[in-house]
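Analysis of the macromolecular model
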Amino acid sequence: MPVLPGAEPFRHEGGEVGVLLCHGFTGSPQSLRPWAEFLAERGLTVALPLLPGHGTRWEDMQLTGWQDWYAEVDRELRALRERCTRVFVFGLSLGGALALRLAAKHGDEVNGVVVVNPANRVHGAAAYALPVLRHFVPTVGGIASDIAKEGVTELGYDRVPLRAAHSMRNFYRIVDGELPQVTQPLLLLRSPQDHVVPPVDSARVLSRVSSTDVTEILLEQSYHVATLDHDADRVFEESYAFIGRLAPGVGERSDAVQAGQQEGTATGG
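To start, this report covers the structure provided alongside it. (Residues numbered from 1 in each chain as written. Predicted model: local features only at pLDDT ≥ 70, side-chain atom pairs only at ≥ 80, totals over all residues. Heavy atoms only, no water.)

Overview of the environment of Ser211
Among the structural elements, Ser211 can be located in the loop between helix H7 (199–208) and strand E9 (214–218). The exposure class assigned to Ser211 is buried, which follows from its relative accessible area of 10%. Through-space distance from the C-alpha of Ser211 to that of Gln181 is 8.7 Å; in sequence the pair is 30 residues apart. In this structure Ser211 touches Val182, Thr183, Gln184 and Leu186, once residues within four positions along its chain are discounted. A polar atom in the side chain of Ser211 sits 2.5 Å from the backbone oxygen of Gln184. (Helix = DSSP H or I, 4+ residues; strand = E, 2+ residues; numbered from the N terminus. Buried < 20%, exposed > 50% of the residue type's maximum accessible area, 1.4 Å probe, protein only. Contact = heavy atoms within 4.5 Å. Polar contact = N/O pair within 3.5 Å; in protein donor to acceptor, adjacent residues only side chain to side chain.)

Quick look at the structure:
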């Protein structure tokens, strides 16, 4: 199936510091594209992949599971490590869980983690019903576009495929068990008014990781998809400052690389 317009993956070749961004469940790179472009404009090497089964139609997602989604971001991380000297992983919602697992599994190869409204479990009756319900009901209503800002929408499915949701539930359990292996500096940004992921998920992440360098920031003006909401600029600026603190001079180095590339282009080199 063709990818929906706007849901395409995004990549940018920049300097020696790389960032991998992971989008959320039933969403697409569109929800993180402004964030990715913000980082790319500052000279970073950026990868924002499209998770398998996403960005086309919900029926395609029924054929995928967490192993497919994780394998995609794992491949992207390995490619960034070949290209960059330092790599950071960012994620929204399910993407936050993917980023945390990458940090847990790859250790020193990940230099820092930024998560926005990270998901840690499926809550309520759905958590208990999914193992059985998925065999009889293909989908339920969608979760996309939980955004406070008027006129802004998230490009995501209007249905949640329950087979994929069941796989996501299993994935959260795995990640929760691996959180103590996360030792990297962590920046967690969360929206108190989130209608998709409750605050307890962020609290769980913060209580389970082994990171000693941890910062939590509240996004008071945004709902779940904060990267498209009123606090988007703050998410972008805080994450870039986080990188700058851990990789001092990142902007200067990247600017030098870009200047060299522009000079080479101008002279035909």
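Topic: the packing of aromatic side chains
Within this structure, the stated rule accounts for 8 aromatic pairs. Ring centres of Phe38 and Tyr240 lie 6.3 Å apart, and the angle between their planes is 85°; on these two criteria the pair is classed as edge-to-face. Here the residue Phe38 occupies a position in helix H1 (residues 33–41), and Tyr240 occupies one in helix H8 (residues 232–246), the gap between them amounting to 202 residues. The same class applies to Phe38 and to Tyr240, which are both buried. Here the guanidinium or amino end of Arg42 rests over the ring plane of Phe38, the centre of that ring lying 3.5 Å away. If you follow Arg101 out to its NZ or CZ, it ends over the ring of Tyr70, 4.6 Å from the centre. (Phe/Tyr/Trp six-rings, centres within 6.5 Å; stacked < 30°, edge-to-face > 60°. Lys NZ or Arg CZ within 6 Å of the ring centre and 35° of its normal.)

A word on the nonpolar core
Ranked by size, the top nonpolar core spans 44 residues in total, and within it Leu20, Phe25, Trp69, Leu94, Leu100 and Val113 carry the most contacts. Going through the elements one at a time, strand E2 (17–22), helix H3 (66–83), strand E4 (86–92), helix H4 (94–106), strand E5 (112–116), helix H6 (162–178) and strand E8 (186–190) are the ones with two or more residues in this core. The biggest single contributor to this core is H4, with 8 residues. Aside from chain neighbours lying at most four places away, what touches Trp69 is Phe25, Leu51, Pro52, His54, Met61, Thr64, Leu94, Leu98, Ala164 and Met168. (Core = buried A, V, L, I, M, F, W, Y, C linked by side-chain atoms within 4.5 Å.)

Observations concerning H8
Residues lying three or four places apart along an α-helix face the same way, a consequence of the helix completing one turn every 3.6 residues. With 15 residues, H8 should cover 21 Å at 1.5 Å per step; its first-to-last C-alpha distance of 22 Å lies within 8% of that length. Buried residues of H8: Ala232, Val235, Phe236, Ser239, Tyr240, Phe242, Ile243 and Leu246, and no others. The buried residues of H8 occupy one face: seen down the axis, they fall within an arc of 150°. (Expected span 1.5 Å × (residues − 1). Arc of directions from axis to C-beta.)

Thoughts on the packing of H4 against H6
Running from N to C, H4 and H6 cross one another at 40°; their axes reach a closest spacing of 10 Å. One element, H4, and the other, H6, form an angle in the oblique class. Between H4 and H6 lies a crossing whose hand is left-handed. Contact with H4, carried on its side by Leu94, Ala97, Leu98, Leu100, Arg101, Ala104 and Lys105, involves Met168, Phe171, Tyr172, Ile174, Val175 and Glu178 of H6 and no other residues of that element. For the contact of H4 with H6, the per-class residue count stands at 10 nonpolar, no polar and 3 charged. (Axes fitted to C-alpha atoms, helices over the stretch in contact; angles between N-to-C directions. Parallel < 35°, antiparallel > 145°, perpendicular 65-115°, else oblique. Left-handed = near helix turned anticlockwise from the far one by under 90°. Nonpolar A, V, L, I, M, F, W, Y, C, P; charged D, E, K, R; others polar.)

With respect to H3
Here H3 is 18 residues long and its end C-alpha atoms lie 26 Å apart, about the 26 Å a rise of 1.5 Å per residue gives. Looking only at H3, the buried set comprises Trp66, Trp69, Tyr70, Glu72, Val73, Asp74, Glu76, Leu77 and Leu80.

Some words on the pattern of salt bridges
Using the criterion set out here, one finds 13 salt bridges in the structure. Among the salt bridges present, the one from Glu76 reaches Arg11, with a minimum N-O distance of 2.3 Å. Residue Glu76 is located in helix H3, and its partner Arg11 is located in strand E1 (residues 10–12); the two are separated by 65 residues in the primary sequence. A relative accessible area of 10% places Glu76 in the buried class. For Arg208, the salt bridge identified is with Asp176, shortest N-O distance 3.9 Å. Residue Arg208 is found in helix H7, and its partner Asp176 is found in helix H6; the two are separated by 32 residues along the sequence. Residue Asp176 is classed as buried on the basis of its relative accessible area of 11%. The network of salt bridges with shared partners includes Asp176, Arg204 and Arg208. (Salt bridge = Lys/Arg side-chain N within 4 Å of Asp/Glu carboxyl O.)

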